[in-house]
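# Working through the structure, step by step
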Amino acid sequence: MGATGLSPLAQQNQNPTSGQSTSPTSSQSTSPTSSATPLPLSQYEPTSMLHVRETRVERARYAAIDIHTHISVSKKSEKGVAVAAERQFLGTPHELLAVMDRKNLQAMVNLTGGFYAGLVDAVNKYDNRSPGRFYTFTEPCYSRFKQPNYPNIQAEAMAQAQRDGAKGLKILKTLGLYLRENISSGTLVKIDDPRFDPMWDACGQLNLPVAIHVSDPIAFFTPTDRFNERYEELNNHPDWSFYGHDFPSNAELLAARNRVIARHPKTQFLVLHVGNFAEDLGNVAENLDRFPNMSVDIAARIGELGRQPRAARRFFDKYQDRILFGTDATPHGDEFPQQVFGDQLYEIYYRFLETDDEYFDYAPAKIPPQGRWKIYGIELPDTILKKVYYENAARLLHLSVSS
Ligand SMILES: [Zn+2]
């Protein structure tokens, strides 16, 4: 996509952080010709003139488990750290089940089930009311982080959470990017901080899988300038940028995560968002080869997978037993079109996985929210679809494998 005429963005980039990257070619390409009318990037909504097949996939070909959803969230956060046990519930079982039945979705896994009384509430509201349709994960209670025996408290909380119905542990990027020594102030706590070792071990002993999200798209660690492929997204959400300040680099975060996975070989780690490096499937493959206790989901990353359909297809062929279907779906969360729970979201994922359609939107939005490109389907064969939609998740969650 050409940048001709997008002058407000070009002007905006005369900032010191990107000064070194103004090459002769790029300055030539952004000089408007005399007749050009400047067009703000936000108003640019090109309509594709391409005539290609458009397949509507209303239902998953095989019953699916969405391993990555957020049906409940913490009622209170301080500087990115969830501090309340109390949950806010984003959808009723009734309204969720209606969509699930239409989309052939057997179950949703609510990763952000919280802890203590909040977890019990979430399990009662969903899992217990509709058995087999909802599963809930617990989360660490970081508000107790300052207590001297926190490592043991947190490890013991895993056993209690399992008794309360949790099917696994979810780690948000809080660990590594928000949690600090004094919870919301001080130096950042590292992902491989030894104070969490008893918790990782407890998960291994209890057979509770750990769904872990560290880092973010690599573009979030580079300056928000005209060279940033996710400029609009970062410009709309400046707090998503982890460039500068005291943030670790993407590589440092992934290395700390890898040390945790290596140190706890008996614990299963589901590394979310395609191992948090969907832009570099070679890196994800390397880690999958290194760590037998690692698997990945594809939540909120079909925009990445679908723009490299041939590499993605090879990746699915090779790691078909370790890739799980997930979307990051959030009921009524209309701020982020790529993860709004509903028919449209699932149809896009199914189209990507099941068809060889070309050049279609990865999110139901006028402007692609995670970068201005389109995606291509990878037409997985039935055997791989069954594994990715259901069997791999069923194994991780210790469900009986039948679909
Ligand atoms: Zn998520």
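Residues numbered from 1 in each chain as written. Predicted model: local features only at pLDDT ≥ 70, side-chain atom pairs only at ≥ 80, totals over all residues. Heavy atoms only, no water.

## Quick notes on the overall build of the protein
Helix and strand counts for the protein come out as 15 helices and twelve strands. Taken over the C-alpha trace, the protein has a radius of gyration of 22 Å; the compact-globule value for 403 residues is 22 Å, and the two agree within 12%. Taking the principal axes of its C-alpha atoms as reference, the protein extends roughly 70 × 50 × 40 Å. Across the 403 residues in the protein, those meeting the buried criterion constitute 56%. Considering only residue pairs separated by 6 or more positions, the protein has 74% of its internal contacts joining residues 24 or more positions apart. Each charge class in the protein can be summarised by its mean position, and for the 43 positive and 47 negative side chains these summaries are 2 Å apart. (Helix = DSSP H or I, 4+ residues; strand = E, 2+ residues; numbered from the N terminus. Rg over C-alpha atoms; globule rule 2.2 N^0.38 Å. Buried < 20%, exposed > 50% of the residue type's maximum accessible area, 1.4 Å probe, protein only. Contact = heavy atoms within 4.5 Å. Lys, Arg positive; Asp, Glu negative; His and termini not counted. Charge placed at Lys NZ, Arg CZ, Asp CG, Glu CD.)

## Brief notes about the sheet that holds strand β12 (residues 323-324)
Paired through their backbone hydrogen bonds, the strands of a sheet run either parallel or antiparallel. Across the sheet, which stays open at both edges, the five strands sit in the order β8-β9-β10-β11-β12 with parallel pairing between neighbours. In this open sheet, the two strands that pair with only one neighbour each are β8 (169-171) and β12. Lying on the sheet, helix α7 (residues 197-206) is in contact with β8, β9 (210-212) and β10 (269-271); it crosses β8 at an angle near 145 degrees. (Pairing = 2+ DSSP bridges. Axes fitted to C-alpha atoms, helices over the stretch in contact; angles between N-to-C directions.)

## Digging into the pairing of strand β11 (residues 294-297)
Burial along β11 is two-sided: the face carrying Met294 and Val296 and the face carrying Ser295 and Asp297 are both buried. In this sheet, β11 lies alongside β10 in parallel orientation, the contact comprising three bridges. Bridge assignment links Phe269 to a residue of β11, and that residue is Met294. Sheet topology note: the β11/β12 ladder contains two bridges and is parallel. From the neighbouring strand, Asp297 faces β12, where its bridge partner is Leu324.

## Observations regarding the sheet that holds strand β1 (residues 64-69)
Pairing is parallel across the open sheet formed by three strands, whose spatial order is β1-β6-β7. Pairing within the sheet leaves two strands with one partner each, and these edge strands are β1 and β7 (134-136). Each strand of the sheet is rotated relative to its neighbour by a mean of 20 degrees, with strand direction disregarded. Note: β1 against strand β6 (residues 105-110), four bridges, orientation parallel. In the strand pairing of β6, Asp66 is matched with Met108.

## Side note on the pairing of β6
Within β6, five of the six residues are buried, which leaves the element mostly enclosed by the surrounding structure. Both β6 and β7 contribute to a ladder of three bridges, which runs parallel. Paired with Asn110 across the bridge in β7 is Thr136.

## Overview of the nonpolar core
One finds Phe196, Trp200, Ile298, Phe325, Leu353 and Tyr389 to be the most contacted residues of the largest nonpolar core, which totals 105 residues. With eight residues, the single largest contributor to this core is helix α15 (residues 382-396). (Core = buried A, V, L, I, M, F, W, Y, C linked by side-chain atoms within 4.5 Å.)

## Structural notes on the pattern of salt bridges
Where charged atoms from two side chains of opposite charge come close, those side chains can pair. Inspection of every chain in the model, using the stated rule, returns 29 salt bridges. Across the salt bridge formed by Asp356 and Arg53, the nearest N and O atoms sit 2.4 Å from each other. You can see Asp356 sitting in the loop between α14 (343-354) and α15 and its partner Arg53 sitting in the loop between α2 (24-30) and β1, a full 303 residues away along the chain. Here the residues in one salt-bridge network are Arg56, Glu58, Arg102, Lys103, Asp343 and Glu347, joined through shared partners. (Salt bridge = Lys/Arg side-chain N within 4 Å of Asp/Glu carboxyl O.)

## Digging into the environment of Ala394
Positionally, Ala394 belongs in helix α15. When its relative accessible area of 0% is taken as the criterion, Ala394 is described as buried. In sequence terms Ala394 and His237 are 157 residues apart; their C-alpha atoms lie 35 Å from each other.

## Remarks on the packing of helix α11 (residues 281-290) against helix α13 (residues 309-318)
Put simply, α11 and α13 touch, their axes get as near as 11 Å, and they point 10 degrees apart. As the angle between them shows, α11 and α13 are arranged roughly parallel. Facing Leu281, Val284, Ala285, Leu288 and Asp289 of α11, the residues of α13 in contact are Ala311, Ala312, Phe315 and Lys318. (Parallel < 35°, antiparallel > 145°, perpendicular 65-115°, else oblique.)

## Quick word on the coordination of the zinc ion
Every protein donor of the zinc ion is listed here as His68 (NE2), His70 (NE2) and Asp328 (OD), and their distances to the metal cover 2.1 Å. Each donor residue of the zinc ion belongs to the same chain, with the gaps between them written as H-x1-H-x257-D. Remark: Asp328 occurs in the loop between β12 and α14 and His68 occurs in strand β1; sequence separation between them is 260 residues. The burial state of His68 is the same as that of Asp328; both residues are buried. (Donors = N, O, S within 2.8 Å, 3.2 Å for Na, K, Ca; no water.)

## Describing unusual backbone geometry
Phi at Val274 takes a positive value of approximately 50 degrees, unusual for a residue other than glycine. Topologically, Val274 is positioned in helix α10 (residues 272-276). With a relative accessible area of 1%, Val274 lands in the buried category. Not every positive phi belongs to a glycine, and Ala300 is a case in point at roughly 60 degrees. On the secondary structure map, Ala300 appears in the loop between β11 and α12 (302-305).

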